[in-house]
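Residue-level structure breakdown
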Amino acid sequence: MNLRYRLLGGFIVGCGLAVCYGAVVLWPAGLLASSLTWSEALRIAGALVAAVLGVGNVFAGLVVVMRPPVLQ
């Protein structure tokens, strides 16, 4: 049972890292070169939400990996 929880935690960490990568992809490239448009503002908001969710997943996965499972 312990190995299953650790694998699940590793999977959660991997998903969190994938979401963080998606946040980097969403971030507009030439942000400082031009004025901010509505489309770029929405991309920034989406990237920030994705980054927060991704970091939360990484921390949650690390907690699952590091803490032993509680037996009932």
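Residues numbered from 1 in each chain as written. Predicted model: local features only at pLDDT ≥ 70, side-chain atom pairs only at ≥ 80, totals over all residues. Heavy atoms only, no water.

In terms of helices and strands, the chain carries two helices and zero strands. Computed over C-alpha atoms, the radius of gyration of the chain comes to 17 Å, more than 25% over the 11 Å expected from 2.2 N^0.38 for 72 residues, which places it beyond the range of a compact globule. Across the chain, the fraction of contacts at a sequence separation of at least 24, relative to all contacts at a separation of at least 6, is 65%. In the form shown here, the chain has an accessible surface area of approximately 5,400 Å², with 75% of it arising from carbon and sulfur atoms. (Helix = DSSP H or I, 4+ residues; strand = E, 2+ residues; numbered from the N terminus. Rg over C-alpha atoms; globule rule 2.2 N^0.38 Å. Contact = heavy atoms within 4.5 Å. Areas by Shrake-Rupley, 256 points an atom, 1.4 Å probe, with all protein chains shown as cover.)

Among the structural elements, Tyr5 can be located in helix H1 (residues 2-26). On the basis of relative accessibility, which here comes to 33%, the residue Tyr5 falls in the partly exposed class. A C-alpha to C-alpha distance of 22 Å links Tyr5 and Cys20, two positions 15 residues apart in sequence. Discounting residues that sit within four places of it in the chain, Tyr5 has contacts with Val64 and Pro69. (Buried < 20%, exposed > 50% of the residue type's maximum accessible area, 1.4 Å probe, protein only.)

Another point: the state of the cysteines. All told, the structure shown has zero disulfides when counted by the stated rule. Looking at the unpaired Cys15, the closest cysteine sulfur is the one in Cys20, lying at 11 Å. For Cys15, a relative accessible area of 31% corresponds to the partly exposed category. Given the relative accessible area of 22%, Cys20 is considered partly exposed. (Disulfide = S-S within 2.5 Å.)

On the surface, a cluster of nonpolar side chains totalling about 410 Å² of accessible area is made up of Val55, Phe59, Leu62 and Met66. With respect to the element layout, Met66 can be found in helix H2 (residues 38-66). Residue Met66 is classed as exposed on the basis of its relative accessible area of 63%. (Patch = residues over 30% accessible without salt bridge, like charges linked within 9 Å, V, L, I, M, F, W, Y side chains within 5 Å. Salt bridge = Lys/Arg side-chain N within 4 Å of Asp/Glu carboxyl O.)

Between its first and last C-alpha atoms H2 spans 42 Å; for 29 residues at 1.5 Å apiece the expected length is 42 Å, and the two agree. Burial in H2 covers these residues: Glu40, Ile44, Ala47, Ala50, Gly54, Val58 and Gly61. Looking at the buried positions of H2, the neighbouring elements they touch are H1. (Expected span 1.5 Å × (residues − 1).)

Worth remembering: the numbers are spatial, not functional.
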